[in-house]
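Single-letter residue listing:
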Amino acid sequence: MTQRSLPPTSVPRLTRARAARLFADESGAATAEYAIATMAAVAFAGLLVIIMRSDEVRGILTDLVRRALTVQ
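Residues numbered from 1 in each chain as written. Predicted model: local features only at pLDDT ≥ 70, side-chain atom pairs only at ≥ 80, totals over all residues. Heavy atoms only, no water.

Visitor: Which residues make up the overall build of the protein, and what are the values?
Guide: Per the secondary structure count, the protein includes three helices and zero strands. Counting only C-alpha atoms and orienting by the principal axes, one finds that the protein spans roughly 95 × 40 × 15 Å. Counting across all 72 residues of the protein, residues that qualify as buried make up 1%. Measuring between centres, the 9 positive side-chain charges of the protein sit 14 Å from its 6 negative side-chain charges. (Helix = DSSP H or I, 4+ residues; strand = E, 2+ residues; numbered from the N terminus. Buried < 20%, exposed > 50% of the residue type's maximum accessible area, 1.4 Å probe, protein only. Lys, Arg positive; Asp, Glu negative; His and termini not counted. Charge placed at Lys NZ, Arg CZ, Asp CG, Glu CD.)

Visitor: So what's going on with the environment of Thr 15? Residues and values would help.
Guide: Assignment of secondary structure puts Thr 15 in the segment before helix 1 (16-24). A residue is classified by how much of its surface remains accessible, and Thr 15, at 40% relative accessible area, is partly exposed. Engagement of the side chain of Thr 15 in a polar contact is seen with the backbone nitrogen of Arg 18, the distance being 3.2 Å. (Polar contact = N/O pair within 3.5 Å; in protein donor to acceptor, adjacent residues only side chain to side chain.)

Visitor: Summarise a nonpolar patch on the surface; cite the residues concerned and give the values.
Guide: A cluster of nonpolar side chains, namely Phe 44, Leu 47, Leu 48, Ile 51, Met 52, Leu 61 and Leu 64, defines an oily patch on the protein surface of about 610 Å² accessible area. The leading source of residues in the nonpolar patch is helix 2 (residues 29-52), at five residues. Along the chain, Leu 48 falls in helix 2. By relative accessible area, Leu 48 is classed as partly exposed at 38%. (Patch = residues over 30% accessible without salt bridge, like charges linked within 9 Å, V, L, I, M, F, W, Y side chains within 5 Å. Areas by Shrake-Rupley, 256 points an atom, 1.4 Å probe, with all protein chains shown as cover. Salt bridge = Lys/Arg side-chain N within 4 Å of Asp/Glu carboxyl O.)

Here it is in structure tokens:
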């Protein structure tokens, strides 16, 4: 069985015009921005959960709701 040799692959030179074409393509950029924004929102929600579980914050919120519902 003979083995075929593959031709060497060459990478095209990065010219100014080719770089402009490559970097001008923004397909997928919006998806990446949504992913980053979603991860930031999840991190913020996790931080809020940690804060809301503290007894001090729970007491403040309970007192706030009681004062809001109390009729004078």
